[in-house]
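Geometric and topological summary
Listed here are the chains, written in short residue letters.
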Amino acid sequence: SPAGMVLSVLVILLLSVLYEAVKMGKAVLLRRALLALPRSLSQEALAEPQEGDSGPAQGSRSLMAFPISFPRWFWFHVAQTLFHVVQVVLGYMVMLAVMSYNAWIFLGAIAGSTLGYFV
């Protein structure tokens, strides 16, 4: 039906816009992750000091404390990984729709990518 086709094209358009938004979000997150890295890339600088300090605050923490304190750059890397998974899933969904060889679906994907990149 014509209404179903219009709805399909709009869904593909929105998926393409979302794909571009996730791609840009991933780039912003990469920039923040690079800023969070220490200037020296030695193993000692990458691992935030959790041991070795003999201050009273360090001694009062239990050994089974949860969550484990990871460096800030690690959480940026986890977020980048999740963004990458979402981007791949969206990309394959749009590709699967385009592979239906429907010209309107194809134009919806192109228009969505264009609009998403522009915004």
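Residues numbered from 1 in each chain as written. Predicted model: local features only at pLDDT ≥ 70, side-chain atom pairs only at ≥ 80, totals over all residues. Heavy atoms only, no water.

1. Here we look at the confidence of the model for the protein
For the protein, the mean per-residue pLDDT works out to 82, and 76% of the residues sit at or above 70. Here helix α3 (residues 56-59) stands out as the least confident element of the protein, with mean pLDDT 50; helix α5 (residues 103-118) is the most confident, with 94. (pLDDT = per-residue confidence, 0-100. Helix = DSSP H or I, 4+ residues; strand = E, 2+ residues; numbered from the N terminus.)

2. Overview of the side chain of S16
On the secondary structure map, S16 appears in helix α1 (residues 2-36). Those residues in contact with S16, other than ones at most four positions away along the chain, are V94, G108, A109, G112 and S113. (Contact = heavy atoms within 4.5 Å.)

3. Points about the pattern of salt bridges
Side chains carrying opposite charge are able to pair once their charged atoms draw close together. Under the counting rule described, the total for this entry stands at one salt bridge. Ionic pairing is found between E20 and K23, a salt bridge with its closest N-O pair at 3.2 Å. Of the two residues, E20 and K23 both sit in helix α1, three residues apart, roughly one turn of that helix. A relative accessible area of 33% means that K23 is categorised as partly exposed. (Salt bridge = Lys/Arg side-chain N within 4 Å of Asp/Glu carboxyl O. Buried < 20%, exposed > 50% of the residue type's maximum accessible area, 1.4 Å probe, protein only.)

4. Some points on helix α4 (residues 72-98)
Counted at 1.5 Å a residue, the expected span for α4 with its 27 residues is 39 Å, and the 39 Å between its end C-alpha atoms agrees. Here α4 has its buried residues at F76, Q80, Q87, L90, V94 and A97. On its buried side, α4 packs onto α1 and α5. (Expected span 1.5 Å × (residues − 1).)

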